[in-house]
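Each chain, written out:
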Amino acid sequence: QVQLAESGGGLVQAGGSLRLSCAASGRTFSYYDMMGWFRQTPGKEREFVAAFSWVVRLTDYADSVKGRFTISRDNARNTLYLQMNSLKPEDTAVYYCAASRVRTDYKESKRYDSWGQGTQVTVSS
């Protein structure tokens, strides 16, 4: 099983940018069909943010982040990224990266079998 470790979170003002990284170890990304980013705030369920699959050439985003966030990966570094621009206070959450061996229902967190520990993103108004 792959081990995932997120980094890059922090405190930023509204309108600012952050780039989250998710480093994989144990297995390469190629073992997994789908990689995703999710976020969670206290008392709420984990929410889909973005997904990427090189197998089916798929990139998808939640409506709330389309046009502002970009998911990408670096094969050489075995790292997944989430570039977040024009951040809003409602983007404040703990962000998680995840890996899945299946490509269906990729917006459902239960489809992912490997998760990182999360990184906190706080956007001030």
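Everything here concerns the structure above.
Our subject in this report is the structure included herewith. Keep in mind the model is a prediction, meaning the values are calculated, not measured.

**Brief notes about the overall build of the protein**
Okay, so step 1: Tallying secondary structure elements over the protein gives zero helices and 11 strands in all.
Okay, so step 2: Reading the helices (α) and strands (β) of the protein from amino to carboxyl end gives β-β-β-β-β-β-β-β-β-β-β.
Okay, so step 3: Radius of gyration (C-alpha) of the protein: 13 Å, near the 14 Å computed for a compact globule of 125 residues.
Okay, so step 4: By its C-alpha atoms, the protein is 40 × 25 × 25 Å across when sized along the principal axes.

**As for the sheet that holds strand β8 (residues 79–84)**
Okay, so step 1: Reading across the sheet, the four strands line up as β1-β3-β8-β7 and stay open at both edges, with antiparallel pairing between neighbours. Whereas interior strands pair on both sides, the edge strands pair on one side only; in this sheet they are β1 (3–7) and β7 (69–74). Strand-to-strand, the axes of this sheet are offset by a mean angle of 15°, without reference to chain direction.
Okay, so step 2: Of the strand pairs in this sheet, β1 and strand β3 (residues 18–25) are connected by five bridges, and their pairing is antiparallel. Bridging from a neighbouring strand, Gln-3 pairs with Ser-25 of β3.

**Focus: the nonpolar core**
Okay, so step 1: Residues Leu-4, Trp-37, Leu-82, Met-84 and Tyr-95 are the most contacted members of the largest nonpolar core, which totals 37 residues.
Okay, so step 2: When near neighbours in sequence (up to four residues on either side) are disregarded, Tyr-95 contacts Glu-6, Leu-20, Phe-38, Arg-39, Val-49, Phe-69, Leu-82, Met-84, Gly-118, Thr-119 and Val-121.

**Some thoughts on the side chain of Asp-91**
Okay, so step 1: Position of Asp-91 relative to the elements: it lies in the loop between β8 and β9 (93–100).
Okay, so step 2: Excluding residues that lie within four positions of it along the chain, Asp-91 makes contacts with Arg-39, Arg-68, Phe-69, Ser-86, Val-121 and Val-123.

**Some points on the pattern of salt bridges**
Okay, so step 1: Within this structure, the stated rule accounts for eight salt bridges.
Okay, so step 2: Of the charged contacts, one joins Asp-91 and Arg-68 as a salt bridge, the two residues approaching to 2.8 Å between their closest N and O atoms. Remark: Arg-68 occurs in the loop between β6 (58–61) and β7 and Asp-91 occurs in the loop between β8 and β9; sequence separation between them is 23 residues. For the pair Asp-91 and Arg-68, one class covers both residues: buried.
Okay, so step 3: Between Arg-111 and Asp-105 there is a salt bridge, with the nearest N and O atoms lying 3.1 Å from each other.
Okay, so step 4: Arg-111 sits in the partly exposed class, given a relative accessible area of 33%.
Okay, so step 5: Classification of Asp-105 as partly exposed rests on a relative accessible area of 46%.
Okay, so step 6: Residues participating in the shared-partner salt-bridge network are Arg-39, Glu-47, Arg-68 and Asp-91.

The rules behind the values
Residues numbered from 1 in each chain as written. Predicted model: local features only at pLDDT ≥ 70, side-chain atom pairs only at ≥ 80, totals over all residues. Heavy atoms only, no water. Helix = DSSP H or I, 4+ residues; strand = E, 2+ residues; numbered from the N terminus. Rg over C-alpha atoms; globule rule 2.2 N^0.38 Å. Pairing = 2+ DSSP bridges. Axes fitted to C-alpha atoms, helices over the stretch in contact; angles between N-to-C directions. Core = buried A, V, L, I, M, F, W, Y, C linked by side-chain atoms within 4.5 Å. Buried < 20%, exposed > 50% of the residue type's maximum accessible area, 1.4 Å probe, protein only. Contact = heavy atoms within 4.5 Å. Salt bridge = Lys/Arg side-chain N within 4 Å of Asp/Glu carboxyl O.

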